Amino acid sequence: MKKQSSRGLLVRAYAVNISAKLLEQHGDTVKLVIGRKRGVYVLSKDGKPYYIGLASKLPSRLSHHLKDRHAGNWDRFNFYAIRSKKYTKDVESILIRVAQPEGNRQRGGFGKDKNLRRTLRKEIIESIRADFNAA
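Note that the coordinates shown come from a computational prediction; the quantities given were computed from them, not determined experimentally. (Residues numbered from 1 in each chain as written. Predicted model: local features only at pLDDT ≥ 70, side-chain atom pairs only at ≥ 80, totals over all residues. Heavy atoms only, no water.)

### So, the packing of aromatic side chains
Applying the stated criterion across every chain, the model contains three aromatic pairs. Note on Tyr41 and Tyr51: the rings are 6.2 Å apart at their centroids and 40° apart in plane angle, and the pair reads as tilted. With Tyr41 in strand β2 (residues 39-45) and Tyr51 in strand β3 (residues 48-55), this residue pair connects regions lying 10 residues apart in the sequence. Of the two residues, Tyr41 and Tyr51, neither departs from the other in class, the shared state being buried. (Phe/Tyr/Trp six-rings, centres within 6.5 Å; stacked < 30°, edge-to-face > 60°. Helix = DSSP H or I, 4+ residues; strand = E, 2+ residues; numbered from the N terminus. Buried < 20%, exposed > 50% of the residue type's maximum accessible area, 1.4 Å probe, protein only.)

In structure tokens form, the structure reads like this:
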């Protein structure tokens, strides 16, 4: 029996590099194709991420961004439908932390208990001390 690929298990559908003008002019078609898919979207301006968000109903969320504080600050969008709702917020947080888009006020959170920076720092200090004491 052929082994099934694990590729594509997180992302169920996607649309990339779609213009804001297309959304304005053909919003009904965008709504028909994308439907009520939930996921993460990236608004970009001149190829650079401007804002990253999540949506349970993408077409209405994007239409809202054509009129809210983000209006005029983006010219294209990407959308990634996430298969399981429980991963959507984590995917959004990762993208925000990596891209650091200027339009996001929040920086994406995972909870303080999951940050390994303090543990890593402590282990490095202990290793340096052990090396120093051995010398």
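### Notes on helix α5 (residues 117-134)
When the terminal C-alpha atoms of α5 are compared, their 26 Å separation across 18 residues agrees well with the 26 Å that a helix rising 1.5 Å per residue should span. For α5, a buried count of zero out of 18 residues is recorded, marking the element as mostly open to its surroundings. (Expected span 1.5 Å × (residues − 1).)

### Some details on unusual backbone geometry
A positive phi angle is found at Asn17, which is not glycine, with a value near 60°. At Asp46, a residue that is not glycine, the phi angle is positive and equals roughly 55°.

### Concerning the pairing of β2
For β2, the buried fraction is high: six of the seven residues fall into the buried class. One ladder, built from seven bridges, connects β2 with β3; its direction is antiparallel. Bridge assignment links Leu43 to a residue of β3, and that residue is Tyr51. A loop of two residues connects β2 with β3, the two strands running antiparallel in sequence, and Asp46 in this loop sits at a positive phi of about 55°. (Pairing = 2+ DSSP bridges.)

### Side note on the sheet that holds β3
As summarised here, the arrangement of the four strands in space is β1-β4-β2-β3, forming an open sheet in which the pairing is antiparallel. Here the strands that pair on one side only, and so sit at the sheet edges, are β1 (11-19) and β3. This sheet shows a mean twist of 15° between the axes of neighbouring strands, independent of strand direction. Against the sheet, helix α4 (residues 85-99) engages β2, β3 and β4 (76-82), with an angle of about 165° to β3. (Axes fitted to C-alpha atoms, helices over the stretch in contact; angles between N-to-C directions. Contact = heavy atoms within 4.5 Å.)

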